[in-house]
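Per-entry structural report
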Amino acid sequence: MTRVRVTAPRSVARPAVDFRGTAEESAVGQVFVRSLIRSQLRLALVVAGGFVLIVGAFPLLLAAFPGLAESTVAGIPFDWLLLGAGIYPVTGISAWLYMRSAARNEARYRDLARDLSGDR
Amino acid sequence: MILAGTGDCAVNPAVGITAFAAVTAATAVIGFYGLRISRTTGDFYVASRTVPPWWNASAIGGEYLSAASFLGVAGLILLSGTDALWFPVGYTAGYLMLLLFVAAPLRRSGAYTIPDFTEARLDSRSARLVTSLAVVIVGWLYIVPQLHGAALTIRTTTGLPSWVGSTAVVVVVVLTVVAGGMRSITFVQAFQYWLKLTALAVPLVFILLVLRDNGAPAAAAADVNPTGLAPAGPYQNISLLVALLFGTLGLPHVLVRFYTNPDGHSARRTTLIVLGLLSVFYLFPTAYGLVGRMFAPGLAQAGQADAVVLLLPGRLIGGPAGELMSAFVVAGAFAAFLSTTSGLVVSLAGVISQDVLGGSVRGFRLAALVSAAVPLAVAFITDSLALAGSVGLVFAFTASTICPVLLLGIWWRGLTDAGAIAGMATGGLLCGGAMVAGAALGAGTPVWLAQPAAWTVPAAFAVMVLTSRATKSRVPHTITKVMTRLHTPERPLATGR
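Note that the structure is a prediction, hence the values are computed from the model and not measured. Residue numbers restart at each chain and count upward from 1, following the sequence in its written direction. As a convention, the first chain written is A and the first ligand written is 1, with the rest following in written order. Where totals are concerned, whole chains, interfaces and linings use all residues; where local detail is concerned, this predicted model gives features only for residues with pLDDT of at least 70, and gives and counts side-chain atom pairs only at 80 or more.

A tally of regular secondary structure across chain A gives 3 helices and 2 strands. What counts as a helix is a DSSP run of H or I of at least four residues, what counts as a strand is a run of E of at least two, and both are numbered from the N terminus. Ordered by position from N to C terminus, the α and β elements of chain A give α-α-β-β-α. In chain A, 71% of the contacts between residues at least 6 apart in sequence involve partners at least 24 apart. The contact rule is simple: place each C-beta atom from the backbone, and if two of them lie within 7 Å, those residues are in contact.

In C-alpha cells:
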C-alpha cells in the first residue's frame, strides 16, 4: 500500500484556470462582477424573505382561525399536518426557484463577460 | 448479565447489542471498500471533489441527521407538542439558507475548511486562528450530545452502563477516521442516511398497521399534554428559528462537504437534493412524536421522552416482530451517532492538524484522537439534557460566531479581520455565557437566557459591521480578486456553452 504524504492545503487550494482572472482586470469587467453579486444577493434576500413570510403566516393562520387547528385530515390534526409536513414543500419550491434564477443570473454574466473579452 | 441499575431495559438486550454490532460491521466494510480508493493526497481531506451529487447529498444528509434528529425531535414533540415541530422545520430550512447565501460562493472560494476561507478572504492569520478556535468549540459542543444519545440508547436497550455507549461510538469513529480519511467517510455517510431513513420508516409502517387493526386513533389525543409544560411563547420559537436557520450554515462538518462538489452550480444542486432528503426524513420523527403522544404519553412522565423512538416499536407491536423493529431503530440510532460524530471528528481533525500539528497524516490521526477524546470526557462529566434542546444551543453558538463571518465575508466587501475577530468574540462570549448561565440556573433559567440566539446573533453582526467600519484601512487589497472568485461561475469562457 502506498503512503501519501498529506501537506496542508492551507491557502486557497488551486488557482483559477478559467476566465475569472482576465474578466476582473478591466474596469468594465468589475462592473459586471459587481452587478452579478448584487443581483445574486437581491435574489437570495427575496427568496429568504418570501420563505420567512410564508412560514410566519402559518402560525398566524392557525391563531386567526381556531377551528382550523382542531379539524382533522385522515385522523391527523390539521395544525400538525400544516407545521409537520406543509412547510417542507415550501422549502423545496423556494430552493428550486432560487437555483433556477441564480443559474440564469450567472448565464447572463457569462454572456456579458464573453462579449467583453470578444471585443478586446 | 450486569444491569446498571438505571432502570429496567425495555428491549431485549441481545437486540440492542446485535443492532450495534451490525451497524459497526457495515460501517467498517464500507469504510474499507472506500479505503482502497483513498490513495491520493486530496482524498484524505475532501474526497477529491469527485463525488457525484446524489452520493454527496446522501452523505450530507447522513452526516447532518444526528442524535438530535433521530431521537431528540420525536422526544421533544412528545414533551411539548406542536411547538417542537419548529425543530425539524428549522433543521431543514437551515439548508435553504445555506443554499441561498453560502453554497456556491463557498465552493468557489476553493478553500478546504472554514478557517481556510477566513484566511483567504481576510488575508489574516489571526482571523484564521480565531475561526479555528470557534470551529473546534462548535465541533466539541456538537459531539457531546451525540455521545449522550449513544449512552441513552445503550442504557435503554441493553441495560449496560451509559459509558459503554459513548465509548463504543468514539472508538469506532476514531478507528474509521484514522484508517480512511474522508473518502471512505463519504460512502459510509451516504449509506447511513438511507439506513436511518429505513430504520424509522419500516417500523412506523408496522406501528400504523397495528394501530389500524386496533381501531382508529383518537385524534383528540394529540392535544394531550403529558408533562403539563406551558406552551412556548413567540420569543422562544423565533429565537429557536434564528438559531437553526443561521446555525446550519456555520456547521463545520456540513461545510466541508461542499468542497466535494466539482463546481458552484453542482454545490447548489447537491443542496437542493439534501433539502429533499431532509424533508422526507423529518416526516418520520414527527410521526413518532405524534404517535407517542397519542399512545404512550407515559414515556414523557417517566423522563424517557428521548427514547420514544427506541421504545415505541416494542411497546406497540410486541412479540418477535416488535423485537425485530426495535433492532431496526436501534441500528438507525447508532448510524446517527456514528455518522455525525465521524463527520465532526474529520473536520475538527482537519482544522487542528493544519493549525497545530503541521498537516501531516500522522498529525491528522493524532488530531482525530484528540477531537474525539475531549468531548468523550465532557460527556462523562455532564448530564444529558433533552437532546434536541442541547443541539439547539450549539446551533445558537454557531449562528453567533461562524455564521456572521461567512455571510459578511461572502457578501460584504467592507469586512475586515479586526471586525471578524471582534464579532466572533462578542457572539461567542455572549452565547457561551448564556449557555453557562443556563446550565448553572437549571430549570429556573429565564427564556432569554435559555434561547439566546435572538439577541446574540444580531449583536455579533452589529459588532462585526461596526468594527469593520472603524477599521476600513484594513480591508485587504486582494478584495476585488477574492469577491470575483467567490461569485463568478467557473466554466471556461473559451469552450462556450
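Along the backbone of chain B there are 21 helices and 0 strands. Classification of the 497 residues of chain B by burial places 63% in the buried group. The contacts of chain B with a sequence gap of at least 6 include a subset with a gap of at least 24, amounting to 84%. Counting other C-beta atoms within 10 Å of each residue's C-beta, where C-beta atoms are placed from the backbone, gives the exposure class: buried for 20 or more, exposed for 12 or fewer, partly exposed between.

Time to look at helix 15 (residues 319–355) of chain B. Between its terminal C-alpha atoms helix 15 of chain B stretches 54 Å, which fits the 54 Å expected from 37 residues at 1.5 Å a residue. Counting buried positions over the 37 residues of helix 15 of chain B gives 32, a clear majority of the element. Multiplying 1.5 Å by the residue count of a helix minus one yields the expected span of that helix.

We now examine the nonpolar core. We call a set of buried Ala, Val, Leu, Ile, Met, Phe, Trp, Tyr and Cys residues a nonpolar core when their C-beta atoms link them within 7 Å. Counting 189 residues, the largest nonpolar core has B:Val308, B:Val330, B:Ala331 and B:Phe334 as its most contacted members. Setting aside chain neighbours within four positions, we find B:Val308 in contact with B:Ala74, B:Gly75, B:Leu78, B:Tyr288, B:Gly289, B:Gly292, B:Ala296 and B:Leu299.

Residues and elements named next belong to chain A. Per residue, pLDDT captures the predictor's confidence, and it can take any value from 0 to 100. Per-residue pLDDT for chain A has a mean of 77; in total, 75% of the residues score no lower than 70. Here helix 2 (residues 66–70) stands out as the element of chain A with the lowest mean pLDDT, 71, in contrast to helix 1 (residues 27–64), whose mean of 88 is the highest. Note that pLDDT drops below 50 for residues 8–19; the model gives that stretch 25 contacts with residues more than four away or on any other chain.

The phi dihedral of B:Asp123 is positive, around 55 degrees, even though this residue is not glycine. B:Asp123 sits in the partly exposed class, given 18 other C-beta atoms within 10 Å.

Before going further, it helps to examine the packing of helix 8 (residues 125–158) of chain B against helix 16 (residues 361–381) of chain B. Residues and elements named next belong to chain B. Viewed as axis vectors pointing N to C, helix 8 and helix 16 meet at an angle of 60 degrees, and their least axial separation amounts to 8 Å. Judged on the interaxial angle alone, helix 16 and helix 8 are oblique. Pair helix 8 / helix 16 crosses with right-handed handedness. Where helix 8 abuts helix 16, its residues Gly139, Trp140, Ile143, Val144, Leu147 and His148 lie against Ser371, Val374, Pro375, Leu376, Val378 and Ala379. Only Asp, Glu, Lys and Arg are considered charged in this grouping, and only Ala, Val, Leu, Ile, Met, Phe, Trp, Tyr, Cys and Pro are considered nonpolar; every other residue, Gly among them, is considered polar. When its residues are assigned to classes, the contact of helix 8 with helix 16 shows 9 nonpolar, 3 polar and no charged. To define axes, lines are fitted to C-alpha atoms, for helices over the stretch in contact only, and angles between the resulting N-to-C directions are given on a 0 to 180 degree scale. What sets the label is the angle itself: under 35 degrees gives roughly parallel, over 145 gives roughly antiparallel, 65 to 115 gives roughly perpendicular, and the rest give oblique. Note on convention: near helix rotated counterclockwise from far helix by under a right angle means a left-handed crossing. Clockwise means right-handed.

Before going further, it helps to examine helix 1 of chain A. Residue and element names in this part refer to chain A. In this model helix 1 runs 54 Å from its N-terminal to its C-terminal C-alpha over 38 residues, within 8% of the 56 Å that 1.5 Å per residue would give. Bend, at a single residue, is the angle you get between axes fitted to the 7 residues ending at that residue and the 7 residues starting at it. At Phe58, helix 1 shows its largest bend, some 25 degrees, and a proline, Pro59, comes one to four positions later. Taken together, the buried positions of helix 1 are occupied by Gly29, Phe32, Val33, Leu36, Ile37, Gln40, Val47, Phe51 and Val55.

All names here are of chain B. Structurally, the position occupied by Phe461 is in helix 20 (residues 453–470). Judged by the 20 C-beta atoms lying within 10 Å of it, Phe461 is buried. Considered as a pair, Phe461 and Leu85 are 376 residues apart in the sequence and their alpha carbons are 28 Å apart. Setting aside residues up to four positions removed in sequence, Phe461 forms contacts with Pro404 and Gly423.

What follows is about the environment of A:Val33. All names here are of chain A. Relative to the elements of secondary structure, Val33 occurs in helix 1. Given 23 C-beta atoms within 10 Å, Val33 falls into the buried group. Spatially, the C-alpha atoms of Val33 and Tyr109 are 7.7 Å apart, while their sequence positions differ by 76 residues.

Our next topic: the packing of helix 4 (residues 67–80) of chain B against helix 12 (residues 264–295) of chain B. Residues and elements named next belong to chain B. Across the interface, helix 4 lies against helix 12 with an axial gap of 8 Å and an inter-helix angle of 35 degrees. As for the relative orientation of helix 4 and helix 12, their crossing is right-handed in sense. In this structure, helix 4 contributes Ser69, Phe70, Val73, Ala74, Ile77 and Leu78 to the contact, and helix 12 contributes Pro285, Thr286, Tyr288, Gly289, Leu290, Gly292 and Arg293. Split into classes, the residues belonging to the contact of helix 4 with helix 12 amount to 8 nonpolar, 4 polar and 1 charged.

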